[in-house]
Amino acid sequence: RSLDVCAHEMSHAITQFTCNLWYYGQSGMLNESFSDIMGIACKHWASKEFDPATANWLIGDDIVGPGFPGKAIRSFKDEKAYKGDSQPKHKKDLKFMMSDNGGVHIGSGIPNHQFYLLCGILNRPSYDQPAQIVYKAHTEKLKSWSNFKDAAKAQHAAALELYGYKE
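Model, not experiment: these values are computed from the prediction.

Examining the pattern of salt bridges
Taken as a whole and assessed by the stated rule, the structure comprises 10 salt bridges. A salt bridge links Asp128 to Arg124, with the nearest nitrogen and oxygen atoms 2.4 Å apart. Salt bridges here are not isolated pairs; linked through shared partners, they connect Lys136, Glu140, Lys141 and Glu161.

With respect to the side chain of Asp85
For Asp85, the position within the fold is in the loop between strand 2 (74–75) and helix 3 (100–107). No salt bridge is formed by the buried Asp85; its nearest oppositely charged neighbour, Lys80, is found at 5.3 Å. At a separation of 2.8 Å, a polar atom in the side chain of Asp85 contacts the main-chain amide nitrogen of Ala81. Within the structure, Asp85 has its side chain in polar contact with the backbone nitrogen of Gln87 (distance 2.9 Å).

Regarding unusual backbone geometry
Within the chain, Asp100 stands out as a residue other than glycine whose phi angle is a positive 55°. Mapped onto the elements, Asp100 comes out in helix 3. Of note, the phi angle at Asn101 is positive, near 55°, even though the residue is not glycine. Judged by its relative accessible area of 35%, Asn101 falls in the partly exposed class.

A closer look at the packing of aromatic side chains
As enumerated under the stated definition, the model contains 7 aromatic pairs in all. An angle of 45° between the planes, with centres 5.6 Å apart, marks the rings of Trp57 and Phe76 as tilted. Placement of the pair is Trp57 in the loop between helix 2 (25–46) and strand 1 (58–59) and Phe76 in the loop between strand 2 and helix 3, with a sequence separation of 19 residues. Assigned by exposure class, Trp57 and Phe76 land together as buried.

What counts, and at which threshold
- Residues numbered from 1 in each chain as written.
- Predicted model: local features only at pLDDT ≥ 70, side-chain atom pairs only at ≥ 80, totals over all residues.
- Heavy atoms only, no water.
- Salt bridge = Lys/Arg side-chain N within 4 Å of Asp/Glu carboxyl O.
- Helix = DSSP H or I, 4+ residues; strand = E, 2+ residues; numbered from the N terminus.
- Buried < 20%, exposed > 50% of the residue type's maximum accessible area, 1.4 Å probe, protein only.
- Lys, Arg positive; Asp, Glu negative; His and termini not counted.
- Polar contact = N/O pair within 3.5 Å; in protein donor to acceptor, adjacent residues only side chain to side chain.
- Phe/Tyr/Trp six-rings, centres within 6.5 Å; stacked < 30°, edge-to-face > 60°.

As far as function goes, none of this settles anything; it's purely spatial.
Now the structure itself:
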């Protein structure tokens, strides 16, 4: 029933058999974010959401039940998905957690939000150039121990290789 969540889970296999990001701290946050990004790209493609400004940027919004205290599991936009959502959108707000393997599900909000902003800046659907950039960076340029800075460099290099973007 939830294409985004199914695609998210299947994307973990891509990570495992390519860069094999450690599931802890920033590398784990990138692991979760990549799966979220592939999930949202599949959702947008299937629902023909072409405009990043009006697209549905919620993960799991179609599987949360009536007793859930919010509208989704995660949101790429600068909004809370549920009551008590502590997912940061900026690295300055990141707090290390002992639980959840160093906060992999919480901290994934930072690269998720960056992806949302990239789609808006490029004014392209998530499943188009933005997802291709992230996919190439993730599968060809990251290592098991990569962090946010490594991911930014990898995405920049992927964008240059794929499209000649300089910024």
